[in-house]
Amino acid sequence: MSKILIVEDEEAIADLEKDYLELSGFEVEIENRGDTGLDKALNEDYDLLILDLMLPEVDGFEICRQVREKKDMPIIMVSAKKDDIDKIRGLGLGADDYITKPFSPSEMVARVKAHLARYDRLIGSGQKVNDVIEIRGIKIDKTARRVWVNGEEKQFTTKEFDLLTFLAENPNHVFTKEELFREIWDMESIGDIATVTVHIKKIREKIEFNTAKPQYIETIWGVGYRFKA
Ligand code: CA
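Residues numbered from 1 in each chain as written. Predicted model: local features only at pLDDT ≥ 70, side-chain atom pairs only at ≥ 80, totals over all residues. Heavy atoms only, no water.

- If you look the chain up in an unreviewed UniProt entry, it shows as Stage 0 sporulation protein A homolog from Candidatus Fusicatenibacter merdavium.
- The UniProt entry for the chain carries the following comment under Function (unreviewed entry): "May play the central regulatory role in sporulation. It may be an element of the effector pathway responsible for the activation of sporulation genes in response to nutritional stress. Spo0A may act in concert with spo0H (a sigma factor) to control the expression of some genes that are critical to the sporulation process." (UniProt positions renumbered as here; feature names shortened; annotations may be inferred.)

This is the structure in structure tokens:
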């Protein structure tokens, strides 16, 4: 039997979701606070998470982010505001689905079933889920070595891809050009830190809306670069 965790502070909604899911044969637990919900989602085994956005203590954004880093299960995010849904999509937190309140409970159950079936297919077929990084509209599939910017695929050379991925995997961390050169190019390779500058420029041309005002890879003057999360 699939086990589902609902993190929702409005008890009436949580109970309604639970009733419908139990009628469909699921085992369901409810947490009414963000902090306890996060703790349960990380430390116990569930097959799917239904996550409200606005929660006491820790919000749904943060829970989604942390669960995504450690757990491989479908996450359905629920919010009262359509605007919030657009915002969380834009953040690329990696939720599998989004539902706006009020919603029809039977539709929610249908979506839960669809996501569980999809995950079962991926696992049952022995197919590994690709290792994907998603940050604010940029999606990097490390397994397939492909990159999408706002849904549009962009082509990167090997070193550009490695550099972008390294920065995106270490968001908000400032690296010097020397560190990046050492990390991405062989220690022995001929070249210098100007190579890093050239590659950053090429990457920005592909991912930034305005390369004069980079929103992703920032220049920290006199130090180096960082990927802004
Ligand atoms: Ca709420």
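Additional details are given in the paragraphs that follow.
## Thoughts on helix H7 (residues 177–184)
And step 1. Burial in H7 covers these residues: Leu 180, Phe 181 and Ile 184. For H7, the buried positions fall inside an angular range of 100° around the axis, keeping them on one side.
And step 2. Looking at the buried residues of H7, the elements they touch are helix H6 (158–169), strand E10 (175–176), helix H8 (194–207) and strand E12 (224–227). (Buried < 20%, exposed > 50% of the residue type's maximum accessible area, 1.4 Å probe, protein only. Helix = DSSP H or I, 4+ residues; strand = E, 2+ residues; numbered from the N terminus. Arc of directions from axis to C-beta. Contact = heavy atoms within 4.5 Å.)

## Some remarks on helix H3 (residues 60–70)
And step 1. Those residues of H3 lying buried are Gly 60, Phe 61, Ile 63, Cys 64 and Val 67. Buried residues in H3, looked at end-on, bunch into an arc of 165°, giving them a common side. Of the exposed residues in H3, the ones pointing more than 90 degrees away from its buried face are Glu 69 and Lys 70.
And step 2. The N-terminus of H3 is capped by Asp 59, whose side-chain oxygen sits 3.2 Å from the backbone nitrogen of Phe 61. (Polar contact = N/O pair within 3.5 Å; in protein donor to acceptor, adjacent residues only side chain to side chain.)

## Side note on the coordination of the calcium ion
And step 1. Taken together, the protein ligands of the calcium ion are Asp 9 (OD), Asp 52 (OD) and Met 54 (O), with distances of 2.1 to 2.3 Å.
And step 2. Expressed as a motif, the donor residue spacing for the calcium ion is D-x42-D-x1-M. Of this pair, Asp 9 sits in the loop between strand E1 (3–7) and helix H1 (11–23) while Met 54 sits in the loop between strand E3 (48–52) and H3, and the two are 45 residues apart along the sequence.
And step 3. On the accessibility criterion, Met 54 (52% relative accessible area) is exposed. (Donors = N, O, S within 2.8 Å, 3.2 Å for Na, K, Ca; no water.)

## Here we look at the pattern of salt bridges
And step 1. A complete count under the given rule lists 24 salt bridges for this structure.
And step 2. One salt bridge in this structure joins Glu 22 and Lys 18, with 3.0 Å as the shortest N-O distance. Taken together, the positions of Glu 22 and Lys 18, both in helix H1 and four residues apart, correspond to about one turn of that helix.
And step 3. For Lys 18, a relative accessible area of 23% gives the class partly exposed.
And step 4. Between Lys 201 and Glu 205 there is a salt bridge, with the nearest N and O atoms lying 3.2 Å from each other. Of this pair, Lys 201 and Glu 205 both sit in helix H8, four residues apart, which is roughly one turn of the helix. (Salt bridge = Lys/Arg side-chain N within 4 Å of Asp/Glu carboxyl O.)

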